[in-house]
Amino acid sequence: MVDNDRCTSSIMEEKARILIIDDDMVDRRAISRALHASGMPVDVSEAASIQSGWERIVQGPWDCVFLDYLLPGGDGLDLLLQFREAGHQMPIVVVTSQGDEKIAVEVMRAGGSDYITKNLLSSEAVSSVVRRVIRTHNVEFERLKTAQALADSEARLAEAQRIADIGSWEMDAHTLEEFWTNQVFVILGEPDGGNRKMGRRTLKHHILPEDTAACIAAYQEIVSIKEARKVDVRLRTLSGAIRQVELQGKPVLGLDEHVIKIIGTIQDITPRKEIEQALREAKDLAERNSKAKEEFLANMSHEIRTPMNAILGFAKLLQDSPMDSLQQEYLHAINSSGEGLLAIINDILDLSKIEAGKMTFEAQPFSIAMLLQSLKDLFAPIVKEKDLVLTAMVGPGVPEWIVGDVVKLRQVLLNLVSNSLKFTAVGEVNVEIKLLNQSGTTFDLLFEVADTGIGIAADKQRSIFDSFTQARSDTTREYGGTGLGLTICKRIVELQGGRIGLESELGEGSNFYFELRFEIAAPPPQLSSLQVITDEEINSKPLRRVLLAEDNKLNQRLATIILGRMGFSYVIANTGQEAVDLVQQERPDIVLMDIQMPDMDGYEATRQIRKLDDPVLRAIPIIALTAHALREEVEKSLAAGMNAFIAKPFQAEQLREAILQLTHRRPLQLPVQGDTEGSTQTLKLDLRGLEDLVGDNALLRQELVDIFLEEVPKAIEKMQDALKRGDAMDLYRLAHSIKPSLLLFGLPDAAQTLKLLEDAEHLDLPGEPQHAAYVQLRAAAYAACDILAK
């Protein structure tokens, strides 16, 4: 025990307080004279009896006490024992007239620091004893203080380990004997195990056999690499319960840089793992619910769009037949109702994609002037019918060509202009684009759509962008709509980092505005020649033969009428397998492939066609013609090997343009109705690396080509399977395996695409960038195979 007795670290720094307890005055004076004669700075006090000595001891502190061996009324050793039992730890020197070993032993047993005989009370002897016992006392005092501090530290550590449920352990690298703290025992279900060495018992004995290998591997790495490691394992407690723990260990090196021991911690992470498992299950449930919702929406879209395609298609055909005014009125009602229903479907699908976090944005150059002109052309019939004025202006400083997602921008503008025209009975709707700020090649643009319509009350303006919200309760009944359009506009703008708002006054019109950032773009060369297919080009090829794979009889009839009017011949396949067979029998120029068909869907039918031995048939253009409109369906179509995607209901001219573009093999972006834009591209391989490698060795060149044609398609198909399984590591390995071939044959953008796929090495599951990169790589790889096979 460390008490508050005085501890003199250096006798010469200050006076040492000395107490002499002796009934003989002569002896007291002799000791006092010897102390003063020694030259030591001392302050001496005296007591002549046991009682007075006890009182003076309590008045301490004292640096040293001289205690007579024999005192009247008691034994000096008894008084010494009482001092020690009371907790007084100052040095006590027993003074005796006899100097035998027996007395020395008694003094030491009673707690004395030293003894001196009365015949040796010289200044040298007294000062030597005092210095020695004080020095010894100081050393012991520091030892006890250190021990107390260590005990306090260990107590705090033990409490911290108890609270955090973390135990610590050590392992001797030579004997493999372990030391455990008490909390290790608590984790193992053995409370109050203390802190002790474990002999032959180790933590390994408690770890489940199936987790032992991971633990041994971590130990070997610590010893060989000399770095810290951690591993999660399961262990069995004393009661037989299974707990999940995190073991951490790090090496302690000796002077020779060899590992002498390993120190580490063990933490019970069972509650954390249970929470993580619950979160995973909740996440899985949410994903399943989201997937079910997406599938429901996709199926709903398909089921509604399929008959809607027939309704609007035949209505379009009726417009070209003779009708009286009443029939024209009925037909107009059919068209308006069908288009209104289609708009509702599109709004619900868009909102679903946004809420699921699957809304993506493209970055392509486009013309602002052409965008505005397309808006004016689209709304021209409505403007004329309502006798309104629609203007579109571009402010000073706004670049003509910019980079962005023109489809999403058009969608926002279409929504805002459509709303303005809907709620404006008299006057005009003005669309204006202004420059807000320019920094280098970056432009902040303001888009405004102002009208002279009914306006919006102030108390409704804040909620106008909420889902299913309209300005008045009778708006839907009077004007139609779902109240989703502005919500979708807001989400699209904000997802691109912009903001949207409005200024309006009831009865005075509204001004909707939004801000977006774009990069300037250079006009693409020879734009007009890429956008128009001339009659001369059309007539330069034989009549195109189309294979229509469609099981719905109404849509069959509609499509064949449209194809016939366009001057195309056609053959019909009612199932996917029939489509594969007819491709080989009829050798058509192009395939219109429905997705949902009996016995084999459009995806599988396309994959079968892409595996045909005939290289011409294997490369036949295939257009996905389906009532599905979600981006996932677009990506699945392209991944299956289709060249373009058109969602039903479609415009006849759109279908005609797509057929002509694909059958002419033109490097033009094809318009795709619905969620995204498909494309076909003329692939150009950079074979300089190959030529440098093979030189004039034609046999080597053909051997490398044959290896490419055999191995790359296999890897591409395995990648698709890895994506379906969510196996990120397998996707990485496959991409890495064909990387030399793709780079050797100079596929465009192969390095960038492969990097995205190789990034899967660091992911738990492949993400959207990997899916998109796979689609791009697949299309380029198969196109390269077609080129190299010729």
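Per chain, residues are indexed from 1 in the order of the written sequence. Confidence filtering applies because this is a predicted model: local features only for residues at pLDDT of at least 70, side-chain atom pairs given and counted only at 80 or more, and all residues used for totals across whole chains, interfaces and linings. Working from all heavy atoms in the structure, the side-chain values ignore hydrogens and water.

**Considerations on the overall build of the protein chain**
Stated precisely, the cut-off is as follows: Counting from the N terminus, the helices are the DSSP runs of H or I reaching at least four residues and the strands are the DSSP runs of E reaching at least two. Relative accessibility decides the category of a residue: with a 1.4 Å probe and only protein chains considered, values under 20% of the type maximum give buried, values over 50% give exposed, and everything between is partly exposed. We call two residues contacting when some pair of their heavy atoms lies within 4.5 Å.
Broken down by element type, the protein chain carries 27 helices and 25 strands. Split into buried and exposed, the 790 residues of the protein chain put 44% on the buried side. Considering only intrachain contacts with a sequence separation of at least 6, the fraction spanning at least 24 residues in the protein chain is 64%.

**Side note on the side chain of Thr237**
Our working definition: Any pair of N or O atoms that falls within 3.5 Å is considered a polar contact. Within protein, one atom must be able to donate a hydrogen and the other to accept it, and sequence-neighbouring residues count only if both atoms are side-chain atoms.
Tracing the sequence through the fold places Thr237 in the loop between β11 (229-236) and β12 (242-253). Within the structure, the side chain of Thr237 is placed 3.1 Å from the side chain of Ser239, a separation counted as a polar contact. Here Thr237 is in contact with Ile187, Leu188, Gly189 and Arg243, once residues within four sequence places are set aside.

**Some points on helix α19 (residues 602-609)**
Residues separated by three or four positions in an α-helix point in the same direction, a consequence of the helix having 3.6 residues per turn. Summarising burial for α19: six of the eight residues are buried, a large majority. When α19 is considered as a whole, its buried residues turn out to be Gly602, Tyr603, Ala605, Thr606, Arg607 and Ile609. Near the N-terminus of α19, the side chain that reaches the backbone nitrogen of Tyr603, with its oxygen 3.2 Å away, is that of Asp601.

**Quick word on the packing of aromatic side chains**
Operational definition: Aromatic contacts are taken between Phe, Tyr and Trp rings whose centres are within 6.5 Å, Trp giving its six-membered ring; a plane angle under 30 degrees counts as stacked, one over 60 as edge-to-face, and the others as tilted.
Tallied over the full model, the rule gives six aromatic pairs. Relative to Phe518, the ring of Phe366 has its centre 6.3 Å away and its plane inclined at 80 degrees; by these criteria the two rings are edge-to-face. Taken together, the residues span a long stretch of sequence, with Phe366 in strand β14 (residues 364-367) and Phe518 in strand β20 (residues 509-520) at a distance of 152 residues. There is no split in this pair, since Phe366 and Phe518 are both buried.

**Quick look at the sheet that holds strand β3 (residues 64-68)**
Our working definition: For two strands to be treated as a pair, DSSP must find at least two bridges joining them. To get an axis, a line is fitted to the C-alpha atoms, and for a helix only the part in contact is used. The angle between two axes follows their N-to-C directions and goes from 0 to 180 degrees.
Ordered in space as β2-β1-β3-β6-β7, the five strands form an open sheet in which the pairing is parallel. Where the open sheet ends on each side, the last strands, each with one partner, are β2 (42-47) and β7 (114-117). Across the sheet, the mean angle separating the axes of adjacent strands is 20 degrees when strand polarity is ignored. Sheet topology note: the β3/strand β6 (residues 92-96) ladder contains four bridges and is parallel. Among the inter-strand pairings, Val65 is bridged to a residue of β6, identified as Ile92. Its contacts with the sheet put helix α1 (residues 25-37) on β1 (16-21), β2, β3 and β6, and the angle it makes with β2 is roughly 175 degrees. In this fold helix α4 (residues 101-110) packs onto β6 and β7, with an angle of close to 145 degrees to the strand it touches most, β7.

**Brief notes about unusual backbone geometry**
Peptide bonds are, in most cases, trans, and in most cases residues other than glycine have a negative phi. Within the chain, Asp387 stands out as a residue other than glycine whose phi angle is a positive 55 degrees. Phi at Arg587 takes a positive value of approximately 50 degrees, unusual for a residue other than glycine. Within the element layout of this structure, Arg587 appears in the loop between α18 (576-586) and β23 (590-593).

**Some details on the pairing of strand β22 (residues 569-573)**
Where we set the bar: The crossover handedness rule: strands pointing away from the viewer, path from first strand over the helix to second strand clockwise, crossover right-handed.
Here five bridges tie strand β21 (residues 545-549) to β22, and the two strands are oriented parallel to one another. Counterpart to Leu548 in the pairing with β22 is Ile572. Between the parallel pair β21 and β22, the chain is carried across by helix α17 (residues 553-566), and the sense of this crossover is right-handed.

**With respect to the pattern of salt bridges**
To be explicit about the condition: For this document, the term salt bridge refers to a Lys or Arg side-chain nitrogen within 4 Å of an Asp or Glu carboxyl oxygen.
This structure, assessed with the given rule, holds 32 salt bridges. For Arg28, the salt bridge is made with Glu46, and the minimal N-O distance between the two is 3.0 Å. Placement of the pair is Arg28 in helix α1 and Glu46 in strand β2, with a sequence separation of 18 residues. You can call Arg28 buried: its relative accessible area is 8%. The shortest N-O distance in the salt bridge between Arg517 and Asp444 comes to 2.7 Å. Of this pair, Arg517 sits in strand β20 while Asp444 is found in strand β18 (residues 442-451), placing the two residues 73 residues apart along the sequence. When salt bridges with common partners are traced through the structure, they connect Lys230, Asp232, Glu246, Arg272, Lys273 and Glu276 into a single cluster.

**A closer look at the sheet that holds β12**
Read across the open sheet, the six strands follow the order β10-β9-β8-β13-β12-β11; overall the sheet is antiparallel. Every other strand in the sheet has two partners, leaving β10 (196-197) and β11 as the edge strands with one partner each. Here nine bridges tie β12 to strand β13 (residues 259-268), and the two strands are oriented antiparallel to one another. Pairing of Glu246 across the sheet is with Gln267, part of β13. Each of β8 (166-172), β11, β12 and β13 is contacted by helix α7 (residues 209-225), which is oriented at about 150 degrees to β11, the strand it contacts most.

**A word on the confidence of the model for the protein chain**
Interpretation of the predicted coordinates at a detailed level should be avoided for regions scoring low in pLDDT. Heads up, the condition is: For every residue, the predictor states its confidence as a pLDDT score lying anywhere from 0 to 100.
Within the protein chain, residue pLDDT values average 79, and 82% of them lie at 70 or more. The secondary-structure element of the protein chain with the lowest mean pLDDT is helix α15 (residues 527-531), recorded at 32, while β18 shows the highest, at 94. In this model residues 525-541 is a low-confidence stretch, pLDDT under 50, and it forms 26 contacts with partners more than four residues away in sequence or in other chains.

**With respect to the environment of Lys250**
Here Lys250 lies in strand β12. In this structure Lys250 touches Ile222, Ala228, Lys261, Ile262 and Ile263, once residues within four positions along its chain are discounted.

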